[in-house]
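Examining the three-dimensional arrangement
Listed below are the residues making up each chain.
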Amino acid sequence: MSSELKETFAAAGSTPPPPATLAARVRTLGPSMTRSMQRVAEAVAQDPAGCAALTVTALAERTGTSEATVVRTARTLGYPGYRDLRLALAALAAQQAAGRAPAVTADIAVDDSIIDVVAKLAHEEQQCLADTAAGLDTTQLESAIAALVGARRIDVYGIGASSLVGQDLVQKLLRIGLIAHSHSDPHLAVTNAVQLRAGDVAIAITHSGRTTDVIEPLRAAFDQGATTVAITGRPDGDIAQYADHILTTSTARESELRPAAMSSRTSQLLVVDCLFIGVAQRTYETAAPALSASYEALAHRRDPRAGR
């Protein structure tokens, strides 16, 4: 999805997003903005009270950009114009003044105590989940769920940490009677993808949206006519051109101590759970007995006294 399309889509909404979701939208959409737009987005997220008092000209001067860039940024963030963004900034500033701003930062230092580490990680995880929930396109989610419900076969592609998320989704789907496979080997993923056809579903999980080993099998599935879904933190990444449905996760900040941020995987797991629950709701008459049967089949392993 190009930045132009994203901007048009965001501006088309009849109701501007709630002020509380502004920071989440900046974190999610910021990486795909131009550098000048990023400066505007970062400024309003870091100082909502100060920016709310500025005219469009003053904010452009403060960020070293142009009035047109400020307006484009406002629209990309989901506001019809700069006036609407200013109103949201003023409301957000009032919320923060009332004591609702985060009390800790997620930046972890080498000499942090374990108490601080726990607090910062917990806050970061919570923020990622909130950001993902706020930015998740429920129309795309509903469409992906509908495709899964009617699928003959479901293939899931992921590499590294994303493969663990893929395995989690497949395990859930198998327990309610769906035919699903998880592929972390890129060669097997492609050879399986070319066997898909219309009525099948392929899901690619990649935080960066640029992982070749995940893009290639999704492209193959797309070419074969399967319904394709991308779970990614970069909705404008390379993966998007082969995805019928895009489910956006929060873009977690990574650091030297966290090169593969756990929160990236946490946001992916939230989307996976949303998919699973949606499918289970729509197939309840068959899903509930299947879950019960799988639970009973493993009961003796949880309690040896239960017998076989």
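Everything here concerns the structure above.
Fair warning: this is a prediction, and the values are worked out from it, not measured in the lab.

Describing the overall build of the protein
Summing up its helical and strand segments, the protein has 15 helices and five strands in all. Each of the 308 residues in the protein was classed as buried or not, and the buried ones make up 44%. Across the protein, contacts joining residues at least 24 apart in sequence account for 71% of those joining residues at least 6 apart.

Notes on a nonpolar patch on the surface
Together, Ile114, Ile115 and Val118 make up a nonpolar patch on the protein surface, roughly 340 Å² of accessible area in all. By the element assignment, Ile114 lies in helix H8 (residues 114-135). Among the residues examined, Ile114 registers a relative accessible area of 62% and is labelled exposed.

So, the packing of aromatic side chains
A full pass over the atoms with the stated rule returns one aromatic pair. Each ring, one from Phe222 and one from Tyr242, has its centre 6.2 Å from the other, and the planes form 65°; the classification is edge-to-face. Of the two residues, Phe222 is situated in helix H12 (residues 212-223) and Tyr242 in the loop between strand S4 (227-232) and strand S5 (245-248); the sequence distance between them amounts to 20 residues. For Phe222, a relative accessible area of 33% gives the class partly exposed.

Some words on the side chain of Thr206
With respect to the helices and strands, the residue Thr206 is situated in strand S3 (residues 201-206). Relative accessible area serves as the criterion here: at 1%, Thr206 is assigned to the buried category.

Describing the sheet that holds strand S1 (residues 154-158)
Each strand in a sheet pairs with another by means of backbone hydrogen bonds, the pair being arranged parallel or else antiparallel. Strand order in this open sheet of five strands is S2-S1-S3-S4-S5, and the pairing throughout is parallel. Of all the strands in the sheet, the pair left with one neighbour each is strand S2 (180-183) and S5. Averaged over all pairs of adjacent strands, the angle between strand axes in this sheet comes to 15°, irrespective of strand direction. Here S3 runs beside S4; their pairing, made up of six bridges, is parallel. In the strand pairing of S4, Ile205 is matched with Ile231. Relative to S1, helix H11 (residues 186-193) is tilted by about 150°, and along the sheet it contacts S1 and S2.

A look at the side chain of Thr283
Here Thr283 shows up in the loop between helix H13 (262-282) and helix H14 (284-297). Not counting the four nearest positions on each side in its chain, Thr283 is found in contact with Val149 and Ile176.

Things to note about helix H6 (residues 67-76)
Of all the positions in H6, only Thr69, Val70, Thr73, Ala74 and Thr76 are classed as buried. Along the axis of H6, the buried positions cluster into a sector of 165°, meaning they face one direction only. Following H6 by one or two positions, Gly78 has its phi on the positive side, about 105°.

Some words on the packing of helix H3 (residues 35-46) against H6
Where H3 contacts H6, the two axes come as close as 9 Å, and the packing angle between them is 70°. One way to sum up the angle between H3 and H6 is to call them roughly perpendicular. Contact residues: H3 offers Ser36, Met37, Val40 and Ala41, while H6 offers Thr69, Val70, Arg72, Thr73 and Thr76. Taken together, the residues of the contact of H3 with H6 sort by class into four nonpolar, four polar and one charged.

Quick look at the pairing of S1
Burial analysis of S1 places five of its five residues in the buried class, which makes it a mostly covered element. On S1, burial covers both faces: Ile154, Val156 and Gly158 on one face and Asp155 and Tyr157 on the other are all buried. Taken together, S1, helix H10 (residues 161-175) and S2 form a β-α-β motif whose crossover is right-handed. With five bridges connecting them, S1 and S3 associate as parallel partners. Considered in S3, the bridge of Ile154 is made with Val201.

Some remarks on the pattern of salt bridges
Counted by the stated rule, this structure contains seven salt bridges. For Lys172, the salt bridge identified is with Asp273, shortest N-O distance 3.4 Å. Of the two residues, Lys172 sits in helix H10 while Asp273 sits in helix H13, which places them 101 residues apart along the sequence. What makes Asp273 partly exposed here is its relative accessible area of 35%. A cluster of three or more residues bridged by salt bridges with shared partners is formed by Asp168, Lys172 and Asp273.

Parameters and conventions
- Each chain carries its own residue numbering, running from 1 in the written order of its sequence.
- Selection of residues for local features in this predicted model requires a pLDDT of at least 70, selection of side-chain atom pairs for listing and counting requires 80 or more, and totals for whole chains, interfaces and linings are taken over all residues.
- Heavy atoms from the whole structure form the basis of all side-chain values; hydrogens and water molecules are not counted.
- Strands are runs of DSSP state E lasting at least 2 residues, helices are runs of H or I lasting at least 4, and numbering of each runs from the N terminus.
- For every residue, the accessible area obtained with a 1.4 Å probe (protein chains only) is divided by the maximum for its type, and the residue is called buried under 20%, exposed over 50%, and partly exposed between those limits.
- In what follows, residue pairs with any heavy atoms lying within 4.5 Å of each other are defined as contacts.
- Patches here: salt-bridge-free residues with over 30% relative accessible area, like charges joined within 9 Å, nonpolar side chains (Val, Leu, Ile, Met, Phe, Trp, Tyr) joined within 5 Å.
- For every accessible area listed, the method is Shrake-Rupley and the probe measures 1.4 Å; residues are considered covered only by the protein chains on display.
- Take a side-chain nitrogen of Lys or Arg and a carboxyl oxygen of Asp or Glu: if they are within 4 Å of each other, that pair is a salt bridge.
- Aromatic pairs are defined between Phe, Tyr and Trp rings, using the six-membered ring for Trp, whenever the two ring centres lie within 6.5 Å; interplanar angles under 30 degrees are classed as stacked, those over 60 as edge-to-face, and all others as tilted.
- Paired strands, as defined in this entry, are two strands with at least two bridges between them according to DSSP.
- With axes taken as lines fitted to C-alpha atoms, and helix axes fitted only over the stretch in contact, angles between N-to-C directions fall between 0 and 180 degrees.
- This arc describes the spread of directions from the helix axis toward the C-beta atoms.
- Here roughly perpendicular refers to angles of 65 to 115 degrees, roughly parallel to angles under 35, roughly antiparallel to angles over 145, and oblique to all remaining angles.
- Think of it as three bins: nonpolar holds Ala, Val, Leu, Ile, Met, Phe, Trp, Tyr, Cys and Pro, charged holds Asp, Glu, Lys and Arg, and polar takes everything else, Gly as well.
- By convention a crossover is right-handed if, when the strands point away from the viewer, the path from the first strand over the helix to the second runs clockwise.

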